[in-house]
Structure formats: C-alpha cells, structure tokens
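# Secondary and tertiary structure notes
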Amino acid sequence: MEGIYKIFQVFALIMDVVLKGEIHTSRGDLNEERELVREGIDALVLEGKGSDADYERGGSWFSATSWIFGLVMSNIYTDNRILEDLALAQDASVIHTRESNADLVRNAGGFAKWTAALLFYVLFPLSLIIGIVTGQTVTGALVLLLSSLVPLLLLRVYNMRRSEGGENTDQRMADKIVEAAEDSERVVAVMGQAHVDGVKDRLPEDLNIDERGVAYPIWSRMHLEELITPVFTGFSVLFVFYLVSMNLYSFMIQLVAQVG
C-alpha cells in the first residue's frame, strides 16, 4: 500500500515531460533542444553513453569498431555537451540512457553478437586488401567505413527490436525518464526520432507528455547543406587513417614473406 502511495505522489508532482526527437546530425534540432533546456528543467535525459566503454574480455573487435565509427561520426554528429552544461548550470540532473557503448554488446544475443564480430573481421581486412591489390583506395576506405557501420547498425537494430522487457532499447529509455521524473517537475528527454513513438508507448499514462518532432526532415535541403563540410572532414580523416593502415598491413605482409 505504501509503495502504491509513493508512486501516486511521484506522478502527482510531474508537470511536464518533453520528448524531443532529433536527427543526430541536425544543428536545427540542437538549437531547439538548447531552447527547451533554457526554459528551465529539473532533469535532462540524453540518449547515449554516460562514460567511456569498459569493454569485456573478447570485445576488442567492438572497441575497434567503435573507434573507427567515432573517427568519422565525431565530425558529423552534433555535440550535445552544451545541453549538459546548461542543465548543470540550473542544478538539474543529467541522465544518460546507457552507461557506455559496451552495453550494445552486453545486451545483444549471442547470434547478433557473433554475426557483428564476423562482419568486422571480414570487412576490415578486405578493405586493406582492396587497396593493396587493386589500388582502389577510395573503395577500400568505404569498405573500412562499412566494417564499422554494419556491425554497429546490426547491434543497434537488434537492441531496438528485441521485446524482452528491460532489454529493449525503448524500454530502457522509458525507465530512465521515469527515474528522472521521480524528483522533477520538468524533464526534457532527447533521443533519435526513431525512438520517440516506442518510448512514448512505454511511459505511464499519468505523465504529461509534450512530444516535439525534428526541426526539419533528414533529406531536406537545409539538413543536407549542414552535412557537406562535416561529411567531407569525417571522410578525409578516415581516408588518412586508411592509407596509414594499408601501408602498415602491406609492410607486415612483406616482412612475413622475407622471414619465411
């Protein structure tokens, strides 16, 4: 009985929970989120990691995959650390939806995990072989990018689609929002637009939910213009890393051949 009364008290205090969907590469969305936080909040919930990954034994492939992904996407994704700074300036709590990116592996099933690892171990050396054998370095760099994107996408989709209670990505996000709402009058939760409907359906009906969509569509001219410079920069960094990796791989092959 006491537990039911406590839950009632929590939801009675809730004034507003803002669900802000975003395109992770949109400056327009970041500007809207900044204004939402400036309006005053008690808690900020952000999709993403709260700390650097503490990779489990045997997860070196995921560490490499995440590093390559970050090498490119750190130039393309918008930096939402400004939202954390604005929230902390108001003494608001900041909650991330996962402890680290390693949660993607820990929460994945065995089949998805091993398939993702296999894809990386096939695509990564294939990208280097393409550059060494054919000289098509641009194609090789694109395959290198795929060696990161494909395994991560597989793990993300698996975690998002699985339906086992708290292991579902949307359910974990909803749980974090409820956690943030326990001692808050206004909560702003920022997440990819693809998660909004799933999270909203999993939130208690007692909450006063204010849903906000993206600033503009992903294929709009405004968004595509924003991407030109970051995409060029990201691929340039990846290409330099690819050339260095390819030359090192070629050197190692020659060294082994000489020893043999």
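What you see is a predicted model, and the numbers here were worked out from it, not measured in a lab. (Residues numbered from 1 in each chain as written. Predicted model: local features only at pLDDT ≥ 70, side-chain atom pairs only at ≥ 80, totals over all residues. Heavy atoms only, no water.)

## Considering the overall build of the protein
Each helix and strand counted, the protein has 10 helices and 5 strands in total. By the burial criterion, 43% of the 260 residues in the protein qualify as buried. Relative to all contacts within the protein whose residues are 6 or more apart in sequence, the contacts with residues 24 or more apart total 83%. When the accessible area of the protein is evaluated, it comes to approximately 14,400 Å², of which 60% is carbon and sulfur surface. (Helix = DSSP H or I, 4+ residues; strand = E, 2+ residues; numbered from the N terminus. Buried < 20%, exposed > 50% of the residue type's maximum accessible area, 1.4 Å probe, protein only. Contact = heavy atoms within 4.5 Å. Areas by Shrake-Rupley, 256 points an atom, 1.4 Å probe, with all protein chains shown as cover.)

## Quick word on a nonpolar patch on the surface
Together, Ile129, Ile132, Val133 and Ile253 line one region of the surface with nonpolar side chains, adding up to about 340 Å² of accessible area. With 3 residues, the top contributor of residues to the nonpolar patch is helix H6 (residues 110-134). (Patch = residues over 30% accessible without salt bridge, like charges linked within 9 Å, V, L, I, M, F, W, Y side chains within 5 Å. Salt bridge = Lys/Arg side-chain N within 4 Å of Asp/Glu carboxyl O.)

## Some remarks on the sheet that holds strand S3 (residues 93-98)
With respect to topology, 5 strands assemble into an open sheet ordered S3-S2-S4-S1-S5, the strand pairing being parallel. Each having just a single partner strand, S3 and strand S5 (209-212) make up the two edges of the open sheet. Each strand of the sheet is rotated relative to its neighbour by a mean of 20°, with strand direction disregarded. Running over the sheet, helix H2 (residues 27-38) touches strand S1 (16-22), strand S2 (43-49), strand S4 (186-192) and S5 and is turned about 165° from S1. Sitting on the sheet, helix H8 (residues 169-181) is in contact with S1, S2, S3 and S4, with an inclination near 165° to S3. (Pairing = 2+ DSSP bridges. Axes fitted to C-alpha atoms, helices over the stretch in contact; angles between N-to-C directions.)

## Notes on the pattern of salt bridges
Within the structure shown, the criterion is met by 10 salt bridges. A salt bridge links Arg38 to Glu35; the shortest N-O distance between them is 3.0 Å. Here the residue Arg38 and the residue Glu35 both occupy positions in helix H2, the gap between them amounting to 3 residues, near one helical turn. Residues Arg186 and Glu39 are paired through a salt bridge, measuring 2.9 Å at the closest nitrogen-oxygen approach.

## Concerning helix H10 (residues 221-259)
Taking 1.5 Å as the rise per residue, H10 with 39 residues should run 57 Å; its terminal C-alpha atoms sit 56 Å apart, in good agreement. At Ile228, H10 shows its largest bend, some 35°, and a proline, Pro230, comes one to four positions later. Three or more residues of H10 are buried, namely His223, Glu226, Leu227, Pro230, Gly234, Leu238, Tyr242, Ser245, Met246 and Ser250. Against the buried residues of H10 lie H2, helix H3 (60-73), H6 and helix H7 (137-161). (Expected span 1.5 Å × (residues − 1). Bend = angle between axes of the 7 residues up to and from the residue.)

## Some thoughts on the nonpolar core
In terms of nonpolar packing, the biggest core is built from 24 residues, with Trp61, Phe62, Val72, Leu155, Leu238 and Tyr242 touching the most fellow members. When residues of this core are traced back to their parent elements, those giving at least two are H3, helix H5 (103-106), H6, H7 and H10. By residue number, the principal contributor to this core is H3, which donates 6 residues. Setting aside anything within four residues of it in sequence, one finds Trp61 in contact with Val105, Lys113, Ala116, Ala117, Phe120, Tyr121, Pro151 and Leu155. (Core = buried A, V, L, I, M, F, W, Y, C linked by side-chain atoms within 4.5 Å.)

## With respect to the packing of aromatic side chains
The geometry of two aromatic rings is summed up by the distance between their centres and the angle between their planes. Inspection of the entire model under this criterion finds 6 aromatic pairs. Pairing Phe69 with Tyr77 gives two aromatic rings, centres 6.1 Å apart and planes at 80°, and the pair type is edge-to-face. The exposure class of Phe69 is buried, given its relative accessible area of 15%. Judged by centre distance (5.6 Å) and plane angle (65°), the ring pair of Phe120 and Tyr121 falls under edge-to-face. Judged by its relative accessible area of 47%, Tyr121 is partly exposed. (Phe/Tyr/Trp six-rings, centres within 6.5 Å; stacked < 30°, edge-to-face > 60°.)

## Brief notes about the environment of His195
Inspection of the secondary structure assignment puts His195 in helix H9 (residues 193-202). On a C-alpha basis, the gap between His195 and Gly21 in space is 7.7 Å, while along the polypeptide they are 174 residues apart. Those residues within four positions of His195 in sequence are excluded, and the remaining contacts are Glu47, Met160, Thr169, Asp170 and Met173.

## Overview of a negative patch on the surface
Among the surface-exposed residues, Asp175, Glu179, Glu182 and Asp183 lie close enough to one another that they form a single negatively charged patch. Take Glu182: it is sitting in the loop between H8 and S4. On the basis of relative accessibility, which here comes to 40%, the residue Glu182 falls in the partly exposed class. (Lys, Arg positive; Asp, Glu negative; His and termini not counted. Charge placed at Lys NZ, Arg CZ, Asp CG, Glu CD.)

## With respect to the packing of H3 against H7
Contact pair H3 / H7: the axes reach a minimum separation of 9 Å and the direction vectors enclose 110°. Here H3 is positioned roughly perpendicular relative to H7, judged by the angle of their axes. Along this stretch, H3 crosses H7, giving a crossing that reads as left-handed. Of H7, the residues touching H3 (which contributes Trp61, Phe62, Thr65, Ser66, Ile68, Phe69 and Val72) are Leu144, Leu145, Ser147, Ser148, Leu149, Pro151, Leu152 and Leu155. (Parallel < 35°, antiparallel > 145°, perpendicular 65-115°, else oblique. Left-handed = near helix turned anticlockwise from the far one by under 90°.)

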